Amino acid sequence: KTDILIAEAAAPVFTCALQASPRKKNHLITKSDLTSNDSFLAQGGMCMLKEQSDYDSFFEDTMKAGHYENDKKSVEIMIKPPRRLSGILSLTVPSSSEMKTAVLPTPKKAPIPPTVLFHEDVTGKEITSTLLREVQKLSNVELLEYTTLVDILEKDNHCYGAVIRRPDGSLDTVTATYTVLASGGVGGLYRHSTNFRHLTGDALAIAGKHNIELQNPDYVQIHPTTFYTKHPEDR
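Observations regarding the overall build of the chain
Then, number 1: Along the chain, the regular secondary structure elements total seven helices and nine strands.
Then, number 2: A buried classification covers 36% of the 235 residues belonging to the chain.
Then, number 3: Pairs at least 24 apart in sequence give 55% of the contacts found in the chain among residues at least 6 apart.
Then, number 4: Carbon and sulfur atoms make up 54% of the accessible area of the chain, which totals about 14800 Å².

Next comes the structure, spelled out in structure tokens:
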């Protein structure tokens, strides 16, 4: 029995655990170890507003990049930092050398561009590992590795927990006031992928089974530049 059950491990999940009330008991489960997630693999940077006056142009650029199919509310939440990002950066910056910034090139007469925050070529690893270390310090969070989300527990259109498979293969149930599904990555389903093989879209399948509304599940980002390995099963 727990207050909040969070399925999978990644930067957003660790942030979720850090944002939860310290009075709430959290259980975080992941199919593999806590560092085998795509957040750790991200090499690029994060775009963020340089100044609040750039908000309108940044919003428009983001909508345009998504061919205006973006959910406007989600875009607003994503680009409204730096206040929202400040908590993450305050944890990340002291952990190693200072996060560097770069300014994207922009056409003449264009507004001041957003800033790109990056740490060498391991931005994702730097941020995610720092968040994980902070989560591991919390006494109200229990981390369960090699634990698989099998299904959610539902009655009268209300989710009250989940069925999990423990590392020894046994099934168990966890009742929870809140259940967070954050295990929707599908890269592992592809024959050739730089994603970890255990990322098989479990949350999407479970959501579909229980008629939970999904938005654009067919949108999958395909990155065109990778290094080929003879052992694609490794990732």
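Observations regarding empty space enclosed by the protein
Then, number 1: Taken as a whole and judged by the stated rule, the model has one cavity of 30 Å³ or more.
Then, number 2: When its volume is computed, the largest cavity comes out at roughly 40 Å³.
Then, number 3: In this structure, the largest cavity is lined by A7, E8, I29, T30, K31, T147, T148, L149, S183 and D202.
Then, number 4: Broken down by class, the residue content of the lining of the largest cavity amounts to three nonpolar, four polar and three charged.

Description of the confidence of the model for the chain
Then, number 1: Model confidence for the chain is summarised by a mean pLDDT of 84, while 82% of its residues fall at 70 or above.
Then, number 2: Least confident of the elements in the chain is strand β4 (residues 100-103), whose mean pLDDT is 60; most confident is strand β8 (residues 158-165), at 97.

Topic: the sheet that holds strand β1 (residues 2-7)
Hydrogen bonds between backbone groups are what pair the strands of a sheet, and the pairing can be parallel or antiparallel.
Then, number 1: The strand order across the open sheet built from six strands is β6-β2-β1-β9-β8-β7, with neighbouring strands paired in mixed fashion. Two strands bound the open sheet, and with one partner strand each, they are β6 (141-144) and β7 (148-155). Between one strand axis and the next, the sheet turns through 40° on average, direction left out of account.
Then, number 2: Alignment of strand β2 (residues 26-29) against β6, held across four bridges, turns out to be parallel. What sits directly across from H27, in β6, is E142.
Then, number 3: Contacts between helix α7 (residues 202-209) and the sheet are confined to β7 and β9 (171-181), with β7 contributing the most and set at about 25° to the helix.

Things to note about the packing of helix α1 (residues 11-19) against helix α6 (residues 123-136)
Then, number 1: Packing of α1 against α6 brings their axes to within 9 Å, and their N-to-C directions diverge by 35°. Seen along the crossing, α1 lies across α6 with a hand that is left-handed. Side by side, α1 and α6 meet where A11, F14, T15, A17 and L18 of the first sit next to T128, L131, L132, E134 and V135 of the second.
Then, number 2: Of the residues that constitute the contact of α1 with α6, the class distribution is seven nonpolar, two polar and one charged.

Topic: a nonpolar patch on the surface
Then, number 1: A surface patch of nonpolar side chains, amounting to about 390 Å² of accessible area, comprises L189, Y190, V220 and I222.
Then, number 2: If you trace the backbone, Y190 turns up in the loop between β9 and α7.
Then, number 3: Residue classification places Y190 among the partly exposed residues on the basis of a relative accessible area of 37%.

A word on the environment of I6
Then, number 1: Note that I6 resides in strand β1.
Then, number 2: The exposure class of I6 is buried, given its relative accessible area of 1%.
Then, number 3: For I6, the contacting residues outside a window of four places in its chain are V13, C16, A17, N26, H27, L28, I29 and V180.

Digging into the packing of helix α3 (residues 55-65) against helix α4 (residues 72-79)
Then, number 1: At their nearest, the axes of α3 and α4 sit 10 Å apart, and the two run at 130° to each other. When the axis of α3 is compared with that of α4, the two are oblique. Viewed along their axes, α3 and α4 form a crossing whose handedness is right-handed. On α4, the residues that touch Y55, F58, F59, T62 and M63 of α3 are K72, V75, E76, M78 and I79.
Then, number 2: Grouping the amino acids of the contact of α3 with α4 by side-chain chemistry returns seven nonpolar, one polar and two charged.

Points about α6
Then, number 1: With 14 residues, α6 should cover 20 Å at 1.5 Å per step; its first-to-last C-alpha distance of 20 Å lies within 8% of that length.
Then, number 2: Turning to α6, its buried residues are T123, G124, E126, I127, T128, S129, T130, L131, L132 and V135.

Here's the deal with the side chain of S193
Then, number 1: Tracing the sequence through the fold places S193 in the loop between β9 and α7.
Then, number 2: A polar side-chain atom of S193 sits 3.1 Å from the main-chain carbonyl oxygen of G187.
Then, number 3: Engagement of the side chain of S193 in a polar contact is seen with the backbone nitrogen of N195, the distance being 2.9 Å.

Conventions we followed
- Residues numbered from 1 in each chain as written.
- Predicted model: local features only at pLDDT ≥ 70, side-chain atom pairs only at ≥ 80, totals over all residues.
- Heavy atoms only, no water.
- Helix = DSSP H or I, 4+ residues; strand = E, 2+ residues; numbered from the N terminus.
- Buried < 20%, exposed > 50% of the residue type's maximum accessible area, 1.4 Å probe, protein only.
- Contact = heavy atoms within 4.5 Å.
- Areas by Shrake-Rupley, 256 points an atom, 1.4 Å probe, with all protein chains shown as cover.
- 1 Å grid on protein atoms, 1.4 Å probe; cavity = no way out; pocket = protein on both sides within 12 Å on 5 of 7 lines; lining within 4 Å.
- Points joined across faces, edges and corners; volume = space filled by probe spheres on them.
- Nonpolar A, V, L, I, M, F, W, Y, C, P; charged D, E, K, R; others polar.
- pLDDT = per-residue confidence, 0-100.
- Pairing = 2+ DSSP bridges.
- Axes fitted to C-alpha atoms, helices over the stretch in contact; angles between N-to-C directions.
- Left-handed = near helix turned anticlockwise from the far one by under 90°.
- Patch = residues over 30% accessible without salt bridge, like charges linked within 9 Å, V, L, I, M, F, W, Y side chains within 5 Å.
- Salt bridge = Lys/Arg side-chain N within 4 Å of Asp/Glu carboxyl O.
- Parallel < 35°, antiparallel > 145°, perpendicular 65-115°, else oblique.
- Expected span 1.5 Å × (residues − 1).
- Polar contact = N/O pair within 3.5 Å; in protein donor to acceptor, adjacent residues only side chain to side chain.

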